[in-house]
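# Inside the fold
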Amino acid sequence: NKRIADLSASEVDRFRNKRLLAGVTSATVNRDIAALSGVLSHYAKHSKATHPLAGLEPLDVADDETVRYLTPDESTRLRQALADRDAQAAKGRTSANKWRADRGRDLMPEITGYSDHLTPMVLLSLNTGMRQGELFSLAWESVDLAMKTITVLASHSKGNTTRLIPLNSEALAVLTTIKPEGAKGLVFKSPVSGGRFDNVKKAWAEVTKAACLPDLRWHDLRHDFASQLVMKGAPLFTVQKLLGHANSRMTQRYAKLAPSTLADAVNLLGA
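Residues numbered from 1 in each chain as written. Predicted model: local features only at pLDDT ≥ 70, side-chain atom pairs only at ≥ 80, totals over all residues. Heavy atoms only, no water.

## Looking at the overall build of the chain
Quick note on the threshold: Secondary structure elements are taken from DSSP: a helix is a run of H or I of four residues or more, a strand is a run of E of two residues or more, and numbering for both begins at the N terminus. The rule is simple: take the accessible area with a 1.4 Å probe, protein chains only, and divide by the maximum for that residue type; under 20% is buried, over 50% is exposed, in between is partly exposed. Here, residues are in contact when the closest pair of their heavy atoms is within 4.5 Å. Accessible areas in this description were obtained via Shrake-Rupley with a 1.4 Å probe; residue shielding takes into account the shown protein chains only.
What the chain contains, in helices and strands, is ten helices and three strands. The secondary structure elements of the chain, listed N-terminal to C-terminal, are α-α-α-α-α-β-β-β-α-α-α-α-α. The principal-axis extents of the C-alpha atoms in the chain amount to approximately 75 × 60 × 40 Å. Counting every position in the chain, which comprises 271 residues, the buried fraction comes to 33%. Of the contacts made within the chain by residues no fewer than 6 positions apart, 61% connect residues no fewer than 24 positions apart. For the chain, the computed accessible surface area is about 16,400 Å², with 56% contributed by carbon and sulfur atoms.

## Some points on the sheet that holds strand β3 (residues 163–166)
The condition is simple: A pair of strands is treated as paired once DSSP finds two or more bridges between them.
With antiparallel pairing, three strands are arranged side by side in an open sheet as β1-β2-β3. In this open sheet, the two edge strands, each paired with only one partner strand, are β1 (143–144) and β3. The sheet contact formed by β1 and strand β2 (residues 149–152) spans two bridges and is antiparallel. Looking at β2, one finds that V143 is bridged to I150.

## Brief notes about helix α4 (residues 118–128)
Of all eleven residues making up α4, eleven are buried, and the element is well covered by its neighbours. Note on α4: the residue one or two positions beyond its end, G129, has a positive phi of about 75°.

## Description of the packing of helix α3 (residues 72–102) against α4
Which entries qualify depends on this criterion: A fitted line through C-alpha atoms serves as each axis, taken over the contacting stretch for helices, and the angle formed by two N-to-C directions is quoted from 0 to 180°. Each angle gets one of four labels, with under 35 degrees taken as roughly parallel, over 145 as roughly antiparallel, 65 to 115 as roughly perpendicular, and the rest as oblique. Handedness of each helix crossing follows the sense of rotation of the near helix against the far helix: counterclockwise by less than a right angle gives left-handed, clockwise gives right-handed. For this classification, the nonpolar set comprises Ala, Val, Leu, Ile, Met, Phe, Trp, Tyr, Cys and Pro, the charged set comprises Asp, Glu, Lys and Arg, and every other residue, Gly included, is treated as polar.
Two elements in contact, α3 and α4, have axes separated by 10 Å at closest approach and are oriented at 160°. By the angle between their directions, the pair α3 and α4 is classed as roughly antiparallel. Every pair of crossing elements has a handedness; the one defined by α3 and α4 is left-handed. Counted together, L78, R79, L82, R85 and D86 of α3 and L118, T119, V122, L123, L126 and N127 of α4 form the full contact between these two elements. The class makeup of the residues in the contact of α3 with α4 is six nonpolar, two polar and three charged.

## A look at the side chain of T251
Which entries qualify depends on this criterion: Any pair of nitrogen or oxygen atoms within 3.5 Å is treated as a polar contact; in protein, a donor-acceptor pairing is required on top of that, and neighbouring residues in sequence qualify only through side-chain atoms on both sides.
With respect to the secondary-structure elements, T251 resides in the loop between α9 (236–243) and α10 (259–267). Separated by 2.8 Å, the side chains of T251 and H245 make a polar contact. Look past the residues within four positions of T251 in its chain and what remains in contact with it is L236, V239, Q240 and H245.

## Quick word on the confidence of the model for the chain
As a reminder of what qualifies: On a scale of 0 to 100, pLDDT captures the predictor's confidence in every residue.
In the predicted model, the chain carries a mean pLDDT of 89, and 96% of its residues have values of at least 70. α4 holds the highest mean pLDDT among the elements of the chain, 97, whereas α10 holds the lowest, 69.

## Things to note about the environment of R163
For R163, a relative accessible area of 6% corresponds to the buried category. Separated by 13 residues in the primary sequence, R163 and I150 have C-alpha atoms spaced 8.4 Å apart. A polar side-chain atom of R163 sits 2.9 Å from the main-chain carbonyl oxygen of L242.

Below you can see the structure in the form of structure tokens.
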């Protein structure tokens, strides 16, 4: 019941405190206030008024979040589960074609390689750190196999910024394998609607169950991408740019995975 012009930063700060006392985490409160701030930015731009939340700093978030990434054994199990799934689909197609041939019916194309969208999506997530929504929106026009890059458009990015992701050998091989003749439009099209995917929950649940990784979320593939880079010595600034983080705060969660970097820095004083 309050007009936007009458909203103040102090009032929103009191609202934040009430939510914290109710048990809502600081990170969740920050996300909600960021959404509200975006709406108010639209108001301020078109009314030429001062942003009502100007000067309101985000809440500090405790840096105790456990970063979920794949151990070598888990990575092997996930990849094997994907390979088994593709192999099972190929076997089923061969069996179905035998049944059809025996009855004089038209045969379906044999499956050679990936059976559908899931394995390529997972492998790209592991090798590029792209968010699931970014993969769903990825178009062939944003894929340059010659330059070995993917461009994530600002309109499809959570951070609302365009970023360029270099393709390593596995990511390049995946895209080369699945690229159709005269490819254009979405890289991954829903077999149901022919348009953009809205989720792959069922297929993901099946493959994580087969890999005995029931706690693995799709977003953890993005964490794995960043974690593996940091553990192999990649600078946090580089990881930040690859992930598309607007600032370094989000990327700092991976710093704990590179303790030797901190030790090396301190040892410089004794050199």
